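Structural overview
Each chain, letter by letter, is given below.
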Amino acid sequence: CTVIFTRLATRDLHKPISILFCNLAVSDLFTSFSGFWISMLFITNPDITIFGSRDMLAPYSLYTTSILSTIYNLVSIGIERYLAVAESMRARFRVARNHSLAVVFTSWVLAFSLGCLPLMGWNCLRAGSSTSVLYSPFCVNYLVFVTLPNVVVAFLVPLFTYLRIIIILRKRKLRMQACGQATGTYRSAETQVARTSISIWLLALVSYAPFSAGVILDATNRRCHTDLYPGVYIFRNCTAILITITCLGNPLLYTLRLRALGAKLKALRCLSANRIRAG
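Residues numbered from 1 in each chain as written. Predicted model: local features only at pLDDT ≥ 70, side-chain atom pairs only at ≥ 80, totals over all residues. Heavy atoms only, no water.

Per an unreviewed UniProt entry, the chain carries the name LPAR1 protein and comes from Sylvietta virens. As stated in UniProt under Subcellular location (unreviewed entry), the record for the chain gives "Cell membrane". On record in UniProt, under Sequence similarities (unreviewed entry), the comment for the chain is "Belongs to the G-protein coupled receptor 1 family." (UniProt positions renumbered as here; feature names shortened; annotations may be inferred.)

Here is the structure:
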């Protein structure tokens, strides 16, 4: 909420990256809200969060939708940062405000389309053979279909984009050194991007890898709920805590360092423009 109000108060939403940051905060807010909803259901009636009930479809669907939206936002931010730094691609395509709005709209449509499939009939309220043990009444095949591909995307795409940014900055630094020019700005930007990207990737790994492992365990498990109680459900709660930590870590990684990282990228663009005019 602090990130959203700050963005709206400073009227900084004309920048493409600011729109993506604000949308990421909205996704984190939805994740926190849906997690709170599930917690309240557990407090009032713990059995429905273990054995499943129709009442769990809506909060679990909202929770899935918000997590998917967060993943798509993280991927979009990584791609936008790559396009902002890659000079050759920026010459052909420049990210504008309308592009960010289109990405935000598309990510939410895709997240709602996939996250609300259980509400539209893909659930196991009646078919008990493929019911998820951890997230009843979701079906195991639905969890595998939604979770594993999106988690792989959340790992690989940011890893590729931020590695490409670091490689581009290092090449420019070597080119500047060959010309006998100062490279302090490039070296500082490379260090900043490397630290931030490693933190982003590790946070995603720590948050979503246990959740993916739980889905795989769910898919390979053949035992009933009572046989797995309470250890597996403690593990499920821990994965939910890790996802909540992601919602707290995203503002720290993306918002508090935005000005410093933005200043570095602005300085790099000025250096590139000066080299073009000098040429």
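The structure having been displayed, the exposition proceeds.
**Points about the overall build of the chain**
Across its full length, the chain holds 11 helices and zero strands. Across the chain, helices and strands are ordered from the amino to the carboxyl terminus as α-α-α-α-α-α-α-α-α-α-α. Counting all 279 residues of the chain, 47% fall into the buried class. Taking the intrachain contacts of the chain between residues at least 6 apart in sequence as the baseline, contacts between residues at least 24 apart amount to 77%. (Helix = DSSP H or I, 4+ residues; strand = E, 2+ residues; numbered from the N terminus. Buried < 20%, exposed > 50% of the residue type's maximum accessible area, 1.4 Å probe, protein only. Contact = heavy atoms within 4.5 Å.)

**Remarks on unusual backbone geometry**
Cis geometry is found at the peptide bond from Ser-136 to Pro-137, where omega equals 10 degrees. Tracing the chain through its elements places Pro-137 in the loop between α6 (97-115) and α7 (140-178).

**Section: the side chain of Thr-239**
Relative to the helices and strands, Thr-239 is located in helix α10 (residues 231-254). Excluding its chain neighbours within four sequence positions, the residues that come into contact with Thr-239 are Tyr-135, Pro-210 and Phe-211.

**Some details on α6**
Across its 19 residues, α6 extends 27 Å between first and last C-alpha, which sits within 8% of the 27 Å expected from 1.5 Å per residue. Within the span of α6, buried status applies to Ser-100, Val-104, Ser-107, Trp-108, Ala-111, Leu-114 and Gly-115. The buried residues of α6 occupy an angular sector of 140 degrees when projected down its axis, which confines them to one face. Exposed and facing more than 90 degrees away from the buried side of α6 are Asn-98 and Phe-105. (Expected span 1.5 Å × (residues − 1). Arc of directions from axis to C-beta.)

**Here's the deal with the environment of Leu-57**
With respect to the secondary-structure elements, Leu-57 resides in helix α4 (residues 57-85). The buried category is assigned to Leu-57, whose relative accessible area is 4%. Linking Leu-57 and Asn-123, residues 66 residues apart in sequence, is a C-alpha distance of 8.3 Å. Not counting chain neighbours up to four residues away, the residues in contact with Leu-57 comprise Pro-118, Leu-119, Asn-123, Leu-125, Pro-137 and Phe-138.

**A short note on the UniProt feature "transmembrane region" (unreviewed entry) in the chain**
Under the local residue numbering, the UniProt record ascribes the feature "transmembrane region" (unreviewed entry) to residues 17-40, 60-79, 100-122, 142-167, 198-217 and 233-256. This span, residues 100-122, is 70% helix and 0% strand, and a straight line between its end C-alpha atoms measures 31 Å. For the annotated span residues 142-167, helix accounts for 100% and strand for 0% of the residues, and the straight-line distance between the end C-alpha atoms is 38 Å.

**Focus: the packing of α4 against α6**
Contact geometry of α4 with α6 gives a least axis separation of 8 Å together with a crossing angle of 145 degrees. Considering the relative orientation of α4 and α6, their crossing is right-handed. On the side of α4, the interface is formed by Ser-61, Thr-64, Thr-65, Leu-68, Ser-69, Tyr-72 and Ser-76, while α6 contributes Val-103, Ser-107, Trp-108, Leu-110, Ala-111, Phe-112, Leu-114 and Gly-115. Residues belonging to the contact of α4 with α6 are distributed by class as follows: eight nonpolar, seven polar and no charged. (Axes fitted to C-alpha atoms, helices over the stretch in contact; angles between N-to-C directions. Left-handed = near helix turned anticlockwise from the far one by under 90°. Nonpolar A, V, L, I, M, F, W, Y, C, P; charged D, E, K, R; others polar.)

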